Structure formats: structure tokens, C-alpha cells
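Here is how the chains run, residue by residue.
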Amino acid sequence: MLLSISDEIATVKNLPPKLDSTTRRANGLKAVAARRERADIKRKLKGGELELRALLASESNAKDRMLVVELLESLPFIGEIRARELMERVGISPRRRIAGLGIRQRERLLELIEKNPSRKLLSTLGGVSGSIYGRLFVISGPGGVGKSTITQELNRFDDFFVSISVTTRAPRHGEIDGVSYHFVSREDFESRIANNEFMEWAEFAGNLYGTLEREVHEMRLRGKHVVLEIEIQGARQVRKRHPEATLVFISPPSWEELEARIRGRGSDDDSRIAQRLALAQEELAASDEFDLVLINTEVAEVVKRLVALATS
Ligand code: 5GP
């Protein structure tokens, strides 16, 4: 075979020969498809749609190339610390890929994960061993999409607790302090920030909103699945602080439907409606950052999915 000069140079230097543009494009497309497949696997694991045991037994090449740690961290109950702990216990090196796992290691890993993960998580968090530590869900989505209706429905289940946020916003008609929100002054809110009381907090439409870390922890210790109905900046903070949380984005069936709901509220003037619509567009663009996107066509269906997720 005749080599071109540039290929010869590549061979001499031990570099791969240059690829022609068609091969390069085909490789690029393959890489994109593989990345998508990996992202899909992670999303399904996190959302409880796919079980680790089934994934490991599958033929998927994409999963074989994934790092063990990456896969473990995608599981709903497992964050960085717990993934590391599990791998150490099974003797898996930090950079090992799925394809490099021995049969015994696979089995041991599955055994440890399937043996009530929430109990294990509790001990890594320093809680009381033996009781079940509840899960943490974040529900976000554009204003008008129906998040509150969904969380109110979830609150009717004994196993769920919808967190009561602290806010500097004034109570609206019918809202009760300690039930709808803990209504506080800006000064009070700021001193809580200084005391590091918040799991997350954010400013939204000129008011401060935050979730109390301690309240959430106590509810989870009692075995309740805690639901935070918060805006997106807050969701991002929870993701960092509690990687085991499941972030759910509630999406409208269509933009037209959301627009109709926002316009139909009746309480806003034109400029406020325009502001709400612009904000809704920004919020919709962040849906990719979430573990799961549920389209709110019917509240009962969304609630059913969330309950199934919590009990899976
Ligand atoms: P509203 O004033 O209409 O009750 O709430 C305004 C926005 O603040 C909503 O998107 C709601 O989800 C969000 N929100 C409520 N509580 C919290 C909280 O504790 N933290 C964050 N980051 N957002 C919150």
C-alpha cells in the first residue's frame, strides 16, 4: 500500500493516519449517538425507568464504555460519596469502566445496591441506622404549568411531605403562615442565610425564597419523601448539595397551552403577562438540566408517575 507523505509522517511519529472527511464525519456522528445513548441511560436510571441489573445484563455497547462511578452516581439514591464507598468495598478502581468489571464484582455491587439503598444512605449521612431515609424530590417548571396542584396532591399521601419554604413575600389572600410558607422579614431571612440554615435560596420577582435544610433532613429521617417546589436557581443548588435528589421538570403540553394559562389568570396586566411569558421561556430552556421531564397533560398521571418513582 502506498502512503502519502503526511501518512508516512504520522506512521513515523506513531500517530494514527489522517482520516478523510467522510470517515471523520461518520466518526463524529457515531460519537454524538454514543453520547446521547449514555445520557439516556443515566436519565433512565435516575428516573427509576431502568434498573441497574437489567442494564448490566443488556447488550448495550454504550454502557460498557461508561465509568462504573458515572453509572453509580446516576442511581437515584447514590451520590459521589456513596459511589466511592461502594466501589472501595467491592475493590473496584476509581477509573474502571463497566466492560472491565469481573462477574463477582458485578454481583457484589448489585447485591449491595439492591439491599435497601436508603438504609445505607442513612448511615453515610450519620442518621439513625435501621430506619428508612426518605427521598428528596425537586419539582420545578414554568409558572402556570400546575406545579402547586401536583404538589398539593402529593401532600395527601402519608409518605410524602411538601417542604414549607421561608419567604419574604407578603402572604396572599388565603395563605396561612407555617402552612403555605413561613413568612418572614428580609432581615430575618438574611440572618438565616448568615447562619447557613438554607439548603438553597433564591431571589424571585423581588422576593427571597429558601428551603430549610434542617426541616427537610428531619422529615427524611422520619421516612418521608420530601418534595421541594422551587424555581430553577434553587434546583441547581440542590443538585450540588444533594446529588441524590431527583430533579423533576414539569412541562406544559404545548407553549400555546401555557400561554393560555398565563393569560387566563386574570390578575395580571399586559406588561406583567409579557414578563411572565419571557420568564416561562427561560425556564423551559433549562429543562435539559433535570433528571426527568414530565408533561402535565393530566395531573393524576403526573402524580402517579412521581409516586411510582418514590416507591421504586
Ligand atoms: P410564589 O410567590 O408564586 O408562591 O412562588 C414564586 C416562585 O418561587 C415559584 O416558582 C416557586 O416554585 C418558587 N419557590 C417557592 N419556594 C421556594 C424556595 O424555597 N426556594 C426557591 N428557590 N424557590 C421557591
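Above this text is the structure in question.
Residues numbered from 1 in each chain as written. Predicted model: local features only at pLDDT ≥ 70, side-chain atom pairs only at ≥ 80, totals over all residues. Heavy atoms only, no water.

Moving on to the packing of helix α9 (residues 147–155) against helix α15 (residues 299–311). Helix-helix packing is described using two parameters, namely the angle between the two axes and the distance between the axes. Between α9 and α15, whose axes approach to 10 Å, the crossing angle comes to 55°. Classified by the angle their axes make, α9 and α15 are oblique. Here the hand of the crossing between α9 and α15 comes out right-handed. Where α9 abuts α15, its residues T149, I150, E153 and L154 lie against V299, V302, V303, L306 and V307. Along the lines of polarity and charge, the residues of the contact of α9 with α15 split into seven nonpolar, one polar and one charged. (Axes fitted to C-alpha atoms, helices over the stretch in contact; angles between N-to-C directions. Helix = DSSP H or I, 4+ residues; strand = E, 2+ residues; numbered from the N terminus. Parallel < 35°, antiparallel > 145°, perpendicular 65-115°, else oblique. Left-handed = near helix turned anticlockwise from the far one by under 90°. Contact = heavy atoms within 4.5 Å. Nonpolar A, V, L, I, M, F, W, Y, C, P; charged D, E, K, R; others polar.)

An order of β4-β3-β6-β5 is seen for the four strands of this open sheet, with the pairing classed as mixed. Pairing within the sheet leaves two strands with one partner each, and these edge strands are β4 (182–183) and β5 (198–204). Of the pairings in the sheet, the one linking strand β3 (residues 166–167) to strand β6 (residues 207–212) comprises two bridges and is antiparallel in character. Directly across from T167, in β6, lies its bridge partner Y209. The sheet strands contacting helix α11 (residues 213–221) are β4, β5 and β6, and the helix crosses β6 at an angle near 35°. (Pairing = 2+ DSSP bridges.)

Across residues other than glycine, the phi torsion is negative in most instances, and most of the peptide bonds are trans. Notably, N196 is not glycine yet its phi reads approximately 60°, a positive angle. Relative to the helices and strands, N196 resides in the loop between α10 (186–194) and β5. Owing to a relative accessible area of 53%, N196 belongs among the exposed residues under this scheme. At A205, a residue that is not glycine, the phi angle is positive and equals roughly 45°. Examined against the element boundaries, A205 turns out to sit in the loop between β5 and β6. (Buried < 20%, exposed > 50% of the residue type's maximum accessible area, 1.4 Å probe, protein only.)

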